[in-house]
Amino acid sequence: IRALYSAHTTSWSLHPLLMENVSSLHEQRFRSLFHGNEFFFRDHKVFGTRVFPGIASLEMLRAAGSLAGETPVMTMENVLWMNPVVINGNSCELFTGVYPGPKGTEVEVYSRKGDAFVTHTKGFVHFTESGEDIKRSIDLDEIQSRCTELLDGSDCYDLFDMIGLSYGPNFRGI
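These notes cover the structure that comes with them. Since this is a predicted model, take the numbers as computed values, not measurements. (Residues numbered from 1 in each chain as written. Predicted model: local features only at pLDDT ≥ 70, side-chain atom pairs only at ≥ 80, totals over all residues. Heavy atoms only, no water.)

### So, the overall build of the chain
Across its full length, the chain carries five helices and nine strands. Order of helices (α) and strands (β) in the chain, N terminus to C terminus: α-β-β-α-β-β-α-β-β-β-β-α-α-β. When the 174 residues of the chain are sorted by exposure, 32% land in the buried category. Taking all contacts inside the chain whose residues are at least 6 apart in sequence as the whole, residues at least 24 apart take part in 56%. (Helix = DSSP H or I, 4+ residues; strand = E, 2+ residues; numbered from the N terminus. Buried < 20%, exposed > 50% of the residue type's maximum accessible area, 1.4 Å probe, protein only. Contact = heavy atoms within 4.5 Å.)

This is the structure in structure tokens:
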């Protein structure tokens, strides 16, 4: 049975960005190891440097909160991107911690640099009491009425390139 289980598991059995639960009595913690050849590093560069996308950090916070809280995260607030995760040829080990506190459930993505910890992203996640979806309406017509200029996708990516943001094919959704 062990051989059959090992043959059919992947390196990300919990979530594609949360590879292993390494929790202790002190902290609910998930570990992730990236090598820099993942599409989200390859196709997301800032001034030519591979940088972990902010949206991937948000997903790590959401997924860790949902796994630790055993119910879906419905909202996030006070999210701060404090230090970018940059990969320069070496692998990158990230941790996502989940901590209950007086202001809510705090989550953070961090790494180790020697004996010190570097916080990359942190914020708070909130759950609904029953885990049911929150139904919210967004007035798209109102939002579109505030948009005064229309650009096509290629023009947007040209502008991004001009300011040092290079998006590869996996990040071109416009």
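Read on for the rest.
### Quick notes on the pattern of salt bridges
All told, the structure shown has five salt bridges when counted by the stated rule. Across the salt bridge formed by Glu27 and Arg29, the nearest N and O atoms sit 3.4 Å from each other. Neither residue differs from the other here; Glu27 and Arg29 are each classed as buried. As a salt-bridge pair, Glu59 and Arg62 come within 2.7 Å of each other at their nearest N and O atoms. Residue Glu59 and its partner Arg62 are located together in helix H3 (residues 54-69), separated by three residues, close to a single helical turn. We classify Arg62 as partly exposed; its relative accessible area is 29%. In this structure, a network of salt bridges that share partners links the residues Glu20, Arg31 and Glu93. (Salt bridge = Lys/Arg side-chain N within 4 Å of Asp/Glu carboxyl O.)

### Remarks on the nonpolar core
Grouped together as the largest cluster of nonpolar side chains are 22 residues, with contacts concentrated most on Phe34, Phe41, Phe52, Met60 and Leu94. For this core, the secondary-structure elements that each account for two or more residues are strand S2 (28-34), helix H2 (39-42), H3, strand S6 (92-101) and strand S7 (104-113). Top contributing element to this core by residue count: H3, with five residues. With residues up to four places along the chain from it excluded, the contact list for Phe34 reads Leu17, Met19, Phe40, Phe41, Phe52, Ile87, Ser91, Cys92 and Leu94. (Core = buried A, V, L, I, M, F, W, Y, C linked by side-chain atoms within 4.5 Å.)

### Things to note about helix H5 (residues 153-162)
An α-helical turn contains 3.6 residues, so a residue and the one three or four places further along point in the same direction. Listing the buried residues of H5 in full gives Gly153, Cys156 and Tyr157. Projected down its long axis, H5 shows its buried positions confined to an angular sector of 95 degrees, all on one face. Buried residues along H5 sit against strand S9 (165-167). The positive-phi residue at the C-terminal boundary of H5 is Gly164, with phi of around 95 degrees. (Arc of directions from axis to C-beta.)

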